[in-house]
Amino acid sequence: MIELRRTGPEGFTAALDTVIEIYTAAMRPPADQLSGRQGIMRNHATFPDFTCLLAETDGDVVAGFGYAFHGAPGQWWHDVVRRALEERAGRDAALAWFGDALEIAEIHVRPDYQGKGIGRRLVRGLCEGRAERTAVLSTHDQPTAARHLYRRLGFVDLLGAFVFPGGYERYAIVGATLPLRPQA
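Rules behind the numbers
- Residues numbered from 1 in each chain as written.
- Predicted model: local features only at pLDDT ≥ 70, side-chain atom pairs only at ≥ 80, totals over all residues.
- Heavy atoms only, no water.
- Buried < 20%, exposed > 50% of the residue type's maximum accessible area, 1.4 Å probe, protein only.
- Helix = DSSP H or I, 4+ residues; strand = E, 2+ residues; numbered from the N terminus.
- Contact = heavy atoms within 4.5 Å.
- 1 Å grid on protein atoms, 1.4 Å probe; cavity = no way out; pocket = protein on both sides within 12 Å on 5 of 7 lines; lining within 4 Å.
- Points joined across faces, edges and corners; volume = space filled by probe spheres on them.
- Disulfide = S-S within 2.5 Å.

S.K.: Could you give me a rundown of helix H6 (residues 118-127), with the residues and numbers involved?
M.R.: The buried fraction of H6 is high, at eight of ten residues. Of all the positions in H6, only Ile118, Gly119, Leu122, Val123, Arg124, Gly125, Leu126 and Cys127 are classed as buried. Those residues of H6 that are buried lie in contact with strand E1 (2-7), strand E2 (51-57), strand E3 (62-70), strand E4 (101-109), strand E5 (134-140) and helix H7 (145-152).

Okay, here's the thing in structure tokens:
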């Protein structure tokens, strides 16, 4: 049985080694990127209304995690993506999606626990009860299980084939209105 445990910035930073371990297992990034990713995650914990969910087994194994916060001007991802959406779709669209948004920064599940509904529960749990008008996130712009999950939860594509400054991978920026649509 998997239980979701909510934690704030202090609990998240205390679990950061485990979080990075899960991130590494799920994403397989180059080793030289891990210290930078850890710094980014630590910084995210300082953002407004930060919340984290840890998916834990009966044996106290953390099978996955997700975290989100209120997006605001001055946050790198927020500013880069909002500007790109404004350039492609106009100011009104950017304001509608990013004017009052929950930004889901990370959702990762250990490979041996994937396909069991944990990712869905993490996304729903992060969005549940939030006051924001929308939820937004970025994901690889490929037909992955994650893309399929986000579509089933009601997320729509806002930007496709988006490459972050200094990057090379293509991402999709997706958004959903809150609350998320009920489960089928």
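S.K.: Account for the layout of surface pockets, naming residues and giving values.
M.R.: With a probe scaled to a water molecule rolled over the atoms, the places where space remains empty come into view. Of the pockets and cavities examined, the largest pocket occupies roughly 1,800 Å³. Of all the elements in the fold, those that place two or more residues in the lining of the largest pocket are helix H2 (16-27), helix H3 (34-44), helix H4 (76-89), E4, H6, E5 and H7. Sort the elements by how many residues they give to the lining of the largest pocket and E4 lands first, with seven residues.

S.K.: Give a detailed account of the state of the cysteines, specifying residues and quantitative values.
M.R.: Applying the stated rule across the entire model yields zero disulfides. For Cys52, which is in no disulfide, the shortest distance to another cysteine sulfur is to Cys127 and amounts to 14 Å. The exposure class assigned to Cys52 is buried, which follows from its relative accessible area of 0%. We classify Cys127 as buried; its relative accessible area is 5%.

S.K.: Describe unusual backbone geometry, listing the residues and the values that go with them.
M.R.: Note: most peptide bonds trans; most residues except glycine with negative phi. That bond from Leu178 to Pro179 is cis: its omega, 0°, falls within 30 degrees of zero. In this fold, Pro179 is placed in the segment after strand E7 (171-177). One non-glycine residue, Asp49, lies in positive phi territory at about 55°. Note that Asp49 resides in the loop between H3 and E2. Residue class for Asp49 comes out exposed when judged on its relative accessible area of 52%.

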